[in-house]
Amino acid sequence: SLPLSLLQQFKVHKKSAGESNTLAKAAPEDITLNCRDCNAEFPFSAGEQEFYLSKGWENQPTRCTECKNAKKARFGEESGGGGGAGPVCYAFQKGECTRGDGCRFSHA
């Protein structure tokens, strides 16, 4: 244990009733954001904000639902050369794919 003279040097800060962690307990409110692709306004609801916080995500969404879905569709259709069957299996192109029909990439 520390000597009393040393303990007396420390200041103890106590919170008053009005200071109790307002930042951590503040309820999120609905906010309006602008889409980075189409610049349309879209809501970022309090429920979505709580979900983001529960996942540990610190950034807000940057795209509206329509643009987010369009981006996902574009990403899924890119195949690196045509065909539209999804991403190409590079191991298959080199003759090294061992997954056969279980491979999630296109063997075209």
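Residues numbered from 1 in each chain as written. Predicted model: local features only at pLDDT ≥ 70, side-chain atom pairs only at ≥ 80, totals over all residues. Heavy atoms only, no water.

Focus: the overall build of the chain
In terms of helices and strands, the chain carries 5 helices and 2 strands. Tracing the chain from N to C terminus, the helices and strands come up as α-α-β-β-α-α-α. Residue burial in the chain is summarised as follows: out of 108 residues, 16% are buried. As presented, the chain carries roughly 9,400 Å² of accessible surface, and 51% of it is formed by carbon and sulfur atoms. (Helix = DSSP H or I, 4+ residues; strand = E, 2+ residues; numbered from the N terminus. Buried < 20%, exposed > 50% of the residue type's maximum accessible area, 1.4 Å probe, protein only. Areas by Shrake-Rupley, 256 points an atom, 1.4 Å probe, with all protein chains shown as cover.)

Brief notes about the nonpolar core
Leu 33, Cys 35, Phe 42, Phe 44, Tyr 52, Cys 64 and Cys 67 together form the largest nonpolar core, which totals 7 residues. Apart from residues lying up to four places away in sequence, Cys 67 is in contact with Cys 35, Asp 37 and Cys 38. (Core = buried A, V, L, I, M, F, W, Y, C linked by side-chain atoms within 4.5 Å. Contact = heavy atoms within 4.5 Å.)

Digging into the packing of aromatic side chains
Summed over all chains, the structure comprises 4 aromatic pairs. With a centroid separation of 5.6 Å and an interplanar angle of 85 degrees, the aromatic rings of Phe 51 and Trp 57 are classed as edge-to-face. A relative accessible area of 41% places Phe 51 in the partly exposed class. Here the aromatic residues Phe 44, Phe 51, Tyr 52 and Trp 57 are joined through ring pairs into a cluster of three or more. (Phe/Tyr/Trp six-rings, centres within 6.5 Å; stacked < 30°, edge-to-face > 60°.)

Some remarks on unusual backbone geometry
You will see that Asn 39, though not glycine, has its phi angle at about 65 degrees, which is positive. Looking at the secondary structure, you find Asn 39 in the loop between strand 1 (31-34) and strand 2 (41-44).

With respect to helix 3 (residues 46-55)
Because each turn of an α-helix spans 3.6 residues, side chains separated by three or four positions in sequence point in the same direction. Taken together, the buried positions of helix 3 are occupied by Ala 46, Gln 49 and Tyr 52. What you see down the axis of helix 3 is that its buried residues fit within an arc of 120 degrees, all on one side. Those residues of helix 3 hidden inside the fold are in contact with strand 1 and strand 2. Among the residues trailing helix 3, Gly 56 stands out with phi positive, at a value near 85 degrees. (Arc of directions from axis to C-beta.)

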